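Examination of the molecular architecture
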Amino acid sequence: MPRTTAPDHTTGPAPDCDLFVIGGGINGCGIARDAAGRGLSVMLAEQGDLAQATSSASSKLFHGGLRYLEFFEFRLVREALEEREILLRAMPHISWPMRFVLPLDRDMRFETGTPASNLLSRIMPWMRGRRPAWMIRLGLFLYDHLGGRKILPGTARLDLTRDPAGAPLDPRYRRAFEYSDCWVQDSRLVALNARDAANRGATILPRTRVTEARRVGDLWHLTLTDQQTGTTREVQSRVLVNAGGPWVADILRDVAGQQSKETVRLVRGSHIVTRRLFDHDRAYFFQGRDGRIIFALPYEQEFTLIGTTDKDHPAPDSPAQITEEETDYLCAFASGYFAKPVTRDDIVWSYSGVRPLYDDGASSATAATREYVLSLNEDGPAPLLNIFGGKITTYRRLAEAAMARLAPFFPDMGQNWTAGVPLPGGDFPVAEAAEMPDRLRADHPFLSAPEAQRLIRAYGTEAWTILAGAKDRADLGRDFGAGLTEAELRWLIRHEWTRTAEDAVWRRTRLGLRLTPDQIAEIDAAMAEWTSPATAD
């Protein structure tokens, strides 16, 4: 597609790009991809690795947000539900349908102060804050029908005394509802959006910090610092997009020098990962007596992911780490449902992420809106678009909305195009996803079934490219453990800006769960050798 830009009113040389994005999380990479596909010249800078912060620390779900119905956030839920299947079709390798089992208990309660609980307390005060089964079923009816569901199956009732989903649960749970949402490999979603942006002409600059952004005439002049070498350079852009996530307010104030009353509320969500607690591929939606909910999700074949919490977080640079209180809370919450209590001894890993929610003045972190807000600053002739809030499920719609806000500055740019367009490796039908690992094994019989599934769920059709020419394991080079080979690592270095073992085993894959510290150190040493100027390919 030819470049389409607004007229250049400067008297100097042309700018380096039409659009400069600060932030390499899902919103920044999604906007970069969308803009590049419309024919704009795009640059993106991320101070660390892609998806290093919030976007690799989610609950790994494309979901409408069932509990948001209690806050009457119908527009948000409808948009997210519509997106589930659009995204599923575009990335059937890193996203797949998942059924959620919601056990029923008469003592389950609303969170105090939600619009739904306030309404019910006025018309049925004898419920005393309880969340009745009929109201859950009404919510699930809305959930099934708000988003135009076509692929995913609808809600069903379960008898937990007969269904295998009841086996790991406390026997007092006898009934449940079962509904659909989707799993997503969150940090791979970011990397693939960045790759597709780059394939469409964008320049992606991980480990590059924007230290200053100033308006000069009708352009932004940005100072970039390479975080590895310390070298600096200056680039010019017609438009600046601040998608800094938890740092969005800091960038607005300290980098761009702009004053604004808009800010974010930083909310920490923490998760624990245990050895597998159940032997099926469905997830659980647990309701608490405090009104909150958590998920227990099948994770990386051998584990269970439990979360999340909602705790206010002090500052973006404050380390996001699970607290003792959060750990005990999640263990106790899950233990209220599973027949066998979940203890600290079951935990093999934990992680926390800071969600940058738009600060709407809500009384609690749980109640803070998940809606996104796009704020266009036109204090000077060079526009600045600030991205507040958002959730992973609606990142594509957020990107479209961002481009709509910027359309007056690029009157000749292309139209919306991303709906259903596959990400790298996702060029196969959803209905064939289950067959893909077997096809890969047929071509490469030395792979085990779990290995083939992992490769398909990370790389899709590009798994064949990684394994090209390999007739046995020896052809893949050094084996670093857990099925991670030299061929895969070198591919990640060449194509996904991977530079450290942390990038490789905790973001591009989750093999860190199966690798020892010594193995991870060996990966770091090998990658440092391969990427050094003297030995790089």
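The rules behind the values
- Residues numbered from 1 in each chain as written.
- Predicted model: local features only at pLDDT ≥ 70, side-chain atom pairs only at ≥ 80, totals over all residues.
- Heavy atoms only, no water.
- Helix = DSSP H or I, 4+ residues; strand = E, 2+ residues; numbered from the N terminus.
- Rg over C-alpha atoms; globule rule 2.2 N^0.38 Å.
- Buried < 20%, exposed > 50% of the residue type's maximum accessible area, 1.4 Å probe, protein only.
- pLDDT = per-residue confidence, 0-100.
- Contact = heavy atoms within 4.5 Å.
- Salt bridge = Lys/Arg side-chain N within 4 Å of Asp/Glu carboxyl O.
- 1 Å grid on protein atoms, 1.4 Å probe; cavity = no way out; pocket = protein on both sides within 12 Å on 5 of 7 lines; lining within 4 Å.
- Points joined across faces, edges and corners; volume = space filled by probe spheres on them.
- Nonpolar A, V, L, I, M, F, W, Y, C, P; charged D, E, K, R; others polar.
- Core = buried A, V, L, I, M, F, W, Y, C linked by side-chain atoms within 4.5 Å.
- Patch = residues over 30% accessible without salt bridge, like charges linked within 9 Å, V, L, I, M, F, W, Y side chains within 5 Å.
- Areas by Shrake-Rupley, 256 points an atom, 1.4 Å probe, with all protein chains shown as cover.
- Phe/Tyr/Trp six-rings, centres within 6.5 Å; stacked < 30°, edge-to-face > 60°.
- Axes fitted to C-alpha atoms, helices over the stretch in contact; angles between N-to-C directions.
- Parallel < 35°, antiparallel > 145°, perpendicular 65-115°, else oblique.
- Left-handed = near helix turned anticlockwise from the far one by under 90°.
- Expected span 1.5 Å × (residues − 1).

**Re the overall build of the protein**
Along its length, the protein carries 14 helices and 18 strands. Against the compact-globule benchmark of 24 Å for 537 residues, the protein has a radius of gyration of 24 Å, which places it among compact chains. Projected onto its principal axes, the C-alpha positions of the protein cover 75 × 60 × 40 Å. Counting over 537 residues, the protein shows a buried share of 59%.

**A word on the confidence of the model for the protein**
Confidence in the prediction of the protein, expressed as mean pLDDT, is 92, and 91% of residues score 70 or more. The low-confidence segment residues 1–10 (pLDDT under 50) makes 31 contacts with residues lying over four places distant or belonging to another chain.

**Description of the pattern of salt bridges**
A complete count under the given rule lists 48 salt bridges for this structure. Across the pair Glu79 and Arg397 runs a salt bridge, and its minimum N-O distance is 3.6 Å. Taken as a pair, Glu79 in helix H2 (residues 74–90) and Arg397 in helix H8 (residues 395–406) lie far apart in primary sequence, 318 residues in all. Given a relative accessible area of 5%, Glu79 falls into the buried group. Here Arg397 falls in the partly exposed class, since its relative accessible area comes to 23%. Among the ionic pairs, Arg478 bridges to Glu522, the shortest N-O distance being 3.5 Å.

**Describing empty space enclosed by the protein**
Picture a little ball the size of a water molecule; that probe, rolled over the atoms, points out where space is still empty. Under the criterion given, the structure shown has four cavities of 30 Å³ or more. Roughly 90 Å³ of internal volume is contained in the largest cavity. What lines the largest cavity is Phe446, Leu447, Glu451, Arg454, Leu455, Ile466, Leu467, Arg473, Leu476, Gly483, Thr485 and Glu488. Here the lining of the largest cavity gets three residues from one element, more than from any other, and that element is helix H10 (residues 449–459). In terms of residue class, the lining of the largest cavity is built from six nonpolar, two polar and four charged.

**Considerations on the environment of Ala45**
Relative to the helices and strands, Ala45 is located in strand S2 (residues 42–45). Since its relative accessible area comes to 2%, Ala45 is described here as buried. Here the alpha-carbon distance between Ala45 and Pro206, two residues 161 residues apart in the chain, equals 5.8 Å.

**Looking at the nonpolar core**
Membership of the largest hydrophobic core comes to 48 residues, with the highest contact counts inside it found for Leu19, Ile31, Met91 and Leu189. Judged by nonpolar contacts, the second largest core, of 30 residues, contains Tyr68, Leu81, Trp96 and Leu513.

**Description of a nonpolar patch on the surface**
Among the surface-exposed residues, Trp134, Leu138 and Phe141 lie close enough to one another that they form a single nonpolar patch of about 320 Å² accessible area. The topology assignment puts Trp134 in helix H4 (residues 133–145).

**What to know about the packing of aromatic side chains**
Under the definition given, this model contains 20 aromatic pairs. Each ring, one from Tyr179 and one from Phe285, has its centre 6.1 Å from the other, and the planes form 75°; the classification is edge-to-face. Here Tyr179 is found in strand S6 (residues 175–184), whereas its partner Phe285 is found in strand S12 (residues 283–287), with 106 residues between them in sequence. Exposure remark for Phe285: the relative accessible area of 5% places this residue in the buried category. Relative to Phe388, the ring of Tyr358 has its centre 5.9 Å away and its plane inclined at 75°; by these criteria the two rings are edge-to-face. Within this pair, whereas Tyr358 is found in strand S16 (residues 347–358), its partner Phe388 is found in strand S18 (residues 384–389), the two being separated by 30 residues in sequence.

**Topic: the packing of helix H1 (residues 26–37) against helix H5 (residues 186–199)**
Running from N to C, H1 and H5 cross one another at 25°; their axes reach a closest spacing of 8 Å. Looking at the two axes, H1 sits roughly parallel to H5. Between H1 and H5 the crossing geometry is left-handed. Residues Ile26, Cys29, Gly30, Ala32, Arg33 and Ala36 of H1 lie in contact with H5, whose contacting residues are Leu189, Val190, Asn193, Ala194, Asp196 and Ala197. For the contact of H1 with H5, a count of residues per class yields eight nonpolar, two polar and two charged.

**With respect to H5**
Taking 1.5 Å per residue as the helical rise, H5 with its 14 residues ought to reach 20 Å, and the 20 Å between its terminal C-alpha atoms agrees with that figure. In terms of burial, H5 is largely enclosed, as twelve of its 14 residues are buried. Along H5, the residues that are buried comprise Asp186, Ser187, Arg188, Leu189, Val190, Ala191, Leu192, Asn193, Ala194, Arg195, Asp196 and Ala197. At the exit of H5 stands Gly201, carrying a positive phi of roughly 110°.

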